[in-house]
Amino acid sequence: MNKSSLSESEQQLLEVATQALTKAYAPYSQFRVGAALLTTTGKIYAGCNIENVSYGLGVCAERNAIANAMIAEGGYTIEIKAIAVTNSQNVPCSPCGACRQVIWEFGKQTQIIFLGSQGWQNLTIKELLPEGFTEFAL
Ligand code: THU
């Protein structure tokens, strides 16, 4: 879909994500990513990717947004209603597999807004991560 077809609050979340990507530390890939999440209590938290010279230690924008929310709110409290992801190249970029599992931890019904190969998407975490790992049957 076109960006203008997304709801106002989804577009607002994308704007916060786009502001956050300006803070990315991405000297190795030059690919800046921003993420903004909305909690079920109506608060918005942002994150960006932070890379490392030991490449595997880099952390994605989505997981940093979640860490930001957890630090601000205290453990066990957040539930993610929606998370928007943008990047500096305006190319398709959906959350990586590791981030999907971490989003799933904090929101079983999270909406994920991102630019997919067919345009803007608003999919649920269950669509992006069917059968996410859990220790217990939910
Ligand atoms: N990256 C993210 O921050 N989020 C994604 O959803 C995909 C990839 C980052 C990791 C790395 O810093 C850079 O993008 C290039 O892969």
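What you are looking at is a predicted structure, and each value in this text was computed from that prediction instead of being measured. Sequence order sets the numbering: in each chain, residues are counted from 1 along the sequence as written. Thresholds applied to this predicted model are a pLDDT of at least 70 for local features of residues and 80 or more for the giving and counting of side-chain atom pairs; totals over whole chains, interfaces and linings are not thresholded and use all residues. Side-chain measures here rest on the full set of heavy atoms in the structure, leaving out hydrogens and waters.

Visitor: Can you lay out the overall build of the protein chain for me, pointing to particular residues and giving the numbers?
Guide: Each helix and strand in the protein chain was counted, giving four helices and five strands. Every helix listed is a DSSP run of H or I at least four residues long, and every strand listed is a run of E at least two residues long, numbered separately from the N terminus. Across the protein chain, helices and strands are ordered from the amino to the carboxyl terminus as α-β-β-α-β-α-β-β-α. Our radius of gyration is a C-alpha quantity, and the globule rule it is checked against amounts to 2.2 Å times the number of residues to the power 0.38. Computed over C-alpha atoms, the radius of gyration of the protein chain comes to 14 Å, within 12% of the 14 Å expected from 2.2 N^0.38 for 138 residues, which places it in the range of a compact globule. Across its three principal axes, the protein chain shows a C-alpha extent of roughly 40 × 40 × 25 Å.

Visitor: Describe in detail unusual backbone geometry, supporting the description with residues and values.
Guide: The phi dihedral of N90 is positive, around 50 degrees, even though this residue is not glycine. Inspection of the secondary structure assignment puts N90 in the loop between β3 (80–87) and α3 (97–105). One non-glycine residue, E131, adopts positive backbone phi at about 60 degrees. If you trace the backbone, E131 turns up in the segment after α4 (125–128). Using a 1.4 Å probe on the protein chains alone, a residue whose accessible area is under 20% of its type maximum counts as buried, one over 50% counts as exposed, and one in between counts as partly exposed. When its relative accessible area of 80% is taken as the criterion, E131 is described as exposed.

Visitor: Go over the nonpolar core, please, and point to the residues and values.
Guide: Residues enter a nonpolar core if they are buried and are Ala, Val, Leu, Ile, Met, Phe, Trp, Tyr or Cys, with the set joined through side-chain atoms within 4.5 Å. Formed by 19 residues in total, the largest nonpolar core has its most connected members in L37, I66, I80, I83, I103, I112 and I125. Broken down by secondary-structure element, the contributors of at least two residues to this core are β1 (33–39), α2 (61–73), β3, α3, β4 (111–116) and α4. Among the elements that make up this core, the one with the highest residue count is α2 (four residues). Setting aside residues no more than four positions away along its own chain, I112 makes contact with I83, P95, I103, Q121, N122, L123, I125 and L128. The criterion used for residue contact is that any of the two residues' heavy atoms lie within 4.5 Å.

Visitor: Give me the lowdown on the site of the ligand, citing residues and values where you can.
Guide: A cutoff of 4 Å decides nearness: a residue is near a molecule or strand if any of its heavy atoms lies inside that distance of it. Inspection of the region around the ligand gives S29, F31, V33, N49, E51, C60, A61, E62, C93, S94, P95 and C96 as its neighbouring residues. Here a polar contact is recorded for every N or O atom pair within 3.5 Å, except that within protein the pair must consist of a potential hydrogen donor and a potential acceptor, and residues adjacent in sequence are included only if both atoms are side-chain atoms. E62 has a polar side-chain atom sitting 2.5 Å from an oxygen atom of the ligand. For the shell around the ligand, the residue count by class is seven nonpolar, three polar and two charged. Gly is put with the polar residues, along with every residue not named as nonpolar or charged; the nonpolar set is Ala, Val, Leu, Ile, Met, Phe, Trp, Tyr, Cys and Pro, and the charged set is Asp, Glu, Lys and Arg.

Visitor: How would you sum up the packing of aromatic side chains? Please name residues and give values.
Guide: Note on ring pairs: Phe, Tyr and Trp rings are taken, using the six-membered ring of Trp, and paired if centres are within 6.5 Å. Classes follow the plane angle, with under 30 degrees stacked, over 60 edge-to-face and the rest tilted. In total, this model carries one aromatic pair according to the counting rule given. Between Y28 and Y55, the aromatic rings sit 5.4 Å apart at their centres with planes inclined by 40 degrees, giving tilted as the arrangement. Of this pair, Y28 sits in the loop between α1 (8–21) and β1 while Y55 sits in the loop between β2 (44–48) and α2, and the two are 27 residues apart along the sequence. For Y28, a relative accessible area of 37% translates into the label partly exposed. Using a relative accessible area of 64% as the deciding quantity, one classes Y55 as exposed. Over the aromatic face of W104 sits the side chain of K108, whose NZ or CZ is 4.6 Å from the ring centroid. For a lysine, the NZ atom is tested; for an arginine, the CZ atom; a charge sits over a ring if that atom is within 6 Å of the ring centre and within 35 degrees of the ring normal.

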